[in-house]
Amino acid sequence: MINTKKGIDWIIERLRKDQSPDGSWNYPFETGLSTDAYMIILLRTLELNDEELIQGLVSRILSKQEKNGAWKLYYDEGDGNLSATVEVYYALLYSGYTKKDDKRLRAAKRFILSKGGLEEVSIFTKVMLSLTGQYIWPDFSPLPIEFILLPHYFPINFYSLSVFGRANLTPIILLADKKFFIKTKNSPNLSELHIHRNQDNSWFRSSEYRSLFSFIEDGVKRLMGLPEQLHQIAIERAKKYMLDHLEPDGTFYSYFSSTFLLIFALLSLGYKKTDPIITKALNGLFAMKCEINGTPHMQYTTANVWNTSLIGYSLQAAGVSTDDSMVVEANRYLLEKQQHKFGDWVIHNPKTLPGGWGFSEVNTMNPDVDDTTASLRSLSRLVPHDRHAWDRGLEWLLSMQNDDGGWAAFEKNTDTKLFEFLPLEKGEFLLTDPSCADITGRTLEFLGNYTNLSRDHKAIQKGVNWLLKNQLMNGSWYGRWGVCYLYGTWGAVTGLVAAGIPTGHSSIQRAVNWLLSIQNGDGGWGESCHSDRKKTYVPLQASTLTHTGWALDTLISTSEEPTSQIRKGITYLLDSLEKEDWTTAYPKGQGMAGAFYIHYHSYRYIFPLIALSHYQKKFES
């Protein structure tokens, strides 16, 4: 006989212990080593000698090195990741705490050269190398800076990019236009990492890109004005966009990468290293530092709102009272974080007032659909007391539905296919924000289970149709913001069931059969980060708590009885709650396939708690 109570109680007490005084949960948002490396490079470039932080980051980086000298983005990546290895090699040299003849760096250099050297790194690594004087900018920018002036009716324009695309590309096109770089007397020399110097080919290799570039240039030529005047206006527009989107903490959109690039862009415009805007941006980055296993990690952003909204509703689903101080404090925190500013989302959604929630505690103008549904779930039992916040959140959420019926993360109808021709690896992840199964499914789950909207409501019907149309042949769905097919399938199935689709429906049954076919022998589930790179499900060859939580919650939502497979999965969860190994640190979230993976330290508690609670409620009560 399975008894879930002990496991549920253990997780609840763990969460109670980890809650912050402000009511949030500030578990680390861990995204590999790039941000750690970039922080060292930034501090050395600005000649800010925070030796304690730099030494701590060096220790963290060295502790993650593989035996062959490389660094990886995830456990089963293969022999290593070239771009990540170049970034940390550069940072270690620039830190001054490791020298080229150090055996660890010699091993890293061998790996880099075996993979083709600097010419083969990602375009974003090339940008960082170029703006610090280690690589030559291309003859022409990946996008002419005048692109920022193209009108909204032009088929490809600044606001047809995703918001995270705009945040990162605006400083990049400014820096590329000026071919700006900055070196110091302590800059390392990475020339031995070049294998061949065919610079033009090493930046852009796509003939389709040339035609897209010509298309954009033609659009620019149609703008009224002399070329030189337009050029200057575009530079001013880029500068204004960046300065208008600084958060109160000084960061640009609350992201590490865009803030890093902003600092260099401002330097290229003549700002001094000590300018108050640069100092404040730096302080914003310093504030994102967290500690993991005794060493510092620079977070890409903070995940407090996301963690708190998910934990708040999972605790209540597990039977913790809305009056419990832990839930009261979490919901008070969430109410304070509801957004009141108009962000870029209003460009494609001009008739709606603000009311969503963002991801990070410092984010005030970039709400997203996923955080909004998660926050509203946690707040749902407070509705009689705070109707205004609820109504504003729900109205904003419904207004963000795409014309195709699905929901995306940050903006509405930003899914142009033209960007696929730009010479940016994984450009579809950076530049577009399409409807996706995970967010559409989670939105339907919220609307079906937490609101009194009729299941015949037009928004729900359109969302259901989008999901049914986008199911894959094997029965799964691809999840855009998690790893990966397990995540998308969990979101889609629980959403469809909440929206009233019968569990006997062929779409649901195909998903169930797919899930059962990939269950591991120990009762759990696990999926590799290779899945999103290869665009097909790749098993991890090991079970994880989070993947098992998603799979079980899906099966529980579709089953009238605790099948042997469900019971086996629940047993795996209960037996594994306290384990600590590589599977608990394995990334379960992703931002850019093959480049940006996220280890959410909160997920190992949240998703087992949801699965165990739903099992208890459905089969044990």
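All of these numbers come straight from a predicted model, not from anything done at the bench.

A.B. asks: Would you mind going over the packing of helix α20 (residues 485-498) against helix α21 (residues 506-517) in detail, with residue names and values included?
C.D. replies: At a minimum axis separation of 11 Å, α20 and α21 run at an interaxial angle of 145°. When you trace α20 past α21, the crossing you get is left-handed. Here Y485, L486, T489, V493, L496 and V497 of α20 come into contact with α21, specifically with S507, I508, A511, W514 and L515.

A.B. asks: Describe the sheet that holds strand β6 (residues 589-592), naming the residues involved and giving the relevant values.
C.D. replies: Strand order in the open sheet formed by 3 strands is β1-β7-β6, with antiparallel pairing between adjacent strands. Of all the strands in the sheet, the pair left with one neighbour each is β1 (29-30) and β6. Note: β6 against strand β7 (residues 596-600), 3 bridges, orientation antiparallel. Residue pairing for β7: Q590 is matched across the bridge by Y597.

A.B. asks: Summarise the nonpolar core; cite the residues concerned and give the values.
C.D. replies: If you look at the biggest cluster of nonpolar residues, it comprises 188 residues, and the most contacted ones within it are L15, M39, L42, L129, F260, I263 and L315. If we skip the residues at most four places from it in the chain, L42 touches F260, I263, F264, L282 and L285.

A.B. asks: Hey, could you go over helix α15 (residues 369-379) for me, with residue numbers and the actual values?
C.D. replies: Along an α-helix, a turn takes 3.6 residues, which lines up residues three or four apart on a common side. For α15, the tally of buried residues reaches 11 of 11 residues, placing the bulk of the element in the interior. Residues of α15 that are buried: V369, D370, D371, T372, T373, A374, S375, L376, R377, S378 and L379. Packed against the buried residues of α15 are α13 (304-317), α14 (325-337), α16 (387-399), α18 (437-450) and α20. Residue D368 occupies the N-cap position of α15, its side-chain oxygen lying 3.2 Å from the main-chain nitrogen of D370.

A.B. asks: Any chance you could break down the side chain of Q590 for me, citing the residues and the numbers?
C.D. replies: Structurally, Q590 is set in strand β6. Here Y478 takes part through its side chain, which lies 3.0 Å from a polar atom of the side chain of Q590.

A.B. asks: Break down the pairing of β7 for me, citing the residues and quoting the values.
C.D. replies: Taken across its 5 residues, β7 has 5 buried, putting it largely inside the fold. Residues F596, I598 and Y600 point to one face of β7 and Y597 and H599 to the other, with burial holding for every one of them. Pairing of β1 with β7, which is carried by 2 bridges, proceeds in the antiparallel orientation. What sits directly across from F29, in β7, is Y600.

A.B. asks: Before we move on, could you go through the packing of aromatic side chains and cite the residues and values that matter?
C.D. replies: Under the counting rule described, the total for this entry stands at 41 aromatic pairs. Both rings, one in F164 and one in F410, keep their centres 5.5 Å apart while their planes meet at 65°; by these two values the pair is edge-to-face. A residue pair is termed long-range when its members are at least 10 positions apart, and F164 in helix α7 (residues 163-178) and F410 in the loop between α16 and α17 (427-431) qualify at 246 residues. For the pair formed by F164 and F410, the shared burial category is buried. Where W345 meets W396, the ring centres are 5.9 Å apart and the plane angle is 90°; that geometry is what we call edge-to-face. Residue W345 is found in the loop between α14 and α15, and its partner W396 is found in helix α16; the two are separated by 51 residues along the sequence. Taken as a pair, W345 and W396 share a single burial class, namely buried. By way of ring pairs, the aromatic residues F29, W306, F359, Y487, W490, W550, Y600, Y603 and F607 are connected into one cluster. When the ring centre of Y313 is taken as reference, the NZ or CZ atom of R377 above it lies at 5.1 Å. One cation-aromatic arrangement involves R480 over W481; the distance from NZ or CZ to the ring centre is 4.0 Å.

A.B. asks: Kindly report on helix α2 (residues 34-45), identifying the contributing residues and their values.
C.D. replies: Between its first and last C-alpha, α2 extends 16 Å over 12 residues, near the 16 Å set by a 1.5 Å rise per residue. The buried fraction of α2 is high, at 11 of 12 residues. Listing the buried residues of α2 in full gives T35, D36, A37, Y38, M39, I40, I41, L42, L43, R44 and T45. If you follow the buried residues of α2, they end up packed against α3 (51-63), α4 (82-95), α6 (123-131), α11 (256-268), α12 (276-286) and β3 (295-298). Two residues or fewer past α2, E47 is found with a positive phi of approximately 55°.

A.B. asks: Describe the side chain of T170, naming the residues involved and giving the relevant values.
C.D. replies: Structurally, T170 can be placed in helix α7. By relative accessible area, T170 is classed as buried at 0%. Beyond its immediate stretch of four places on either side in the chain, T170 contacts I148, F158, A238, Y241 and M242.

A.B. asks: Account for the layout of surface pockets, naming residues and giving values.
C.D. replies: The space that makes up the second largest pocket amounts to roughly 590 Å³. Considering the residues around the second largest pocket, the lining is formed by 23 residues, among which E445, N449, Y450, H614 and K617 are closest to the centre. Looking at the lining of the second largest pocket, the elements with two or more residues in it are α13, α18, α20, α23 (545-558) and α25 (603-620). The class makeup of the residues in the lining of the second largest pocket is 8 nonpolar, 7 polar and 8 charged.

The rules behind each value
- Residues numbered from 1 in each chain as written.
- Predicted model: local features only at pLDDT ≥ 70, side-chain atom pairs only at ≥ 80, totals over all residues.
- Heavy atoms only, no water.
- Axes fitted to C-alpha atoms, helices over the stretch in contact; angles between N-to-C directions.
- Helix = DSSP H or I, 4+ residues; strand = E, 2+ residues; numbered from the N terminus.
- Left-handed = near helix turned anticlockwise from the far one by under 90°.
- Contact = heavy atoms within 4.5 Å.
- Pairing = 2+ DSSP bridges.
- Core = buried A, V, L, I, M, F, W, Y, C linked by side-chain atoms within 4.5 Å.
- Buried < 20%, exposed > 50% of the residue type's maximum accessible area, 1.4 Å probe, protein only.
- Polar contact = N/O pair within 3.5 Å; in protein donor to acceptor, adjacent residues only side chain to side chain.
- Phe/Tyr/Trp six-rings, centres within 6.5 Å; stacked < 30°, edge-to-face > 60°.
- Lys NZ or Arg CZ within 6 Å of the ring centre and 35° of its normal.
- Expected span 1.5 Å × (residues − 1).
- 1 Å grid on protein atoms, 1.4 Å probe; cavity = no way out; pocket = protein on both sides within 12 Å on 5 of 7 lines; lining within 4 Å.
- Points joined across faces, edges and corners; volume = space filled by probe spheres on them.
- Nonpolar A, V, L, I, M, F, W, Y, C, P; charged D, E, K, R; others polar.

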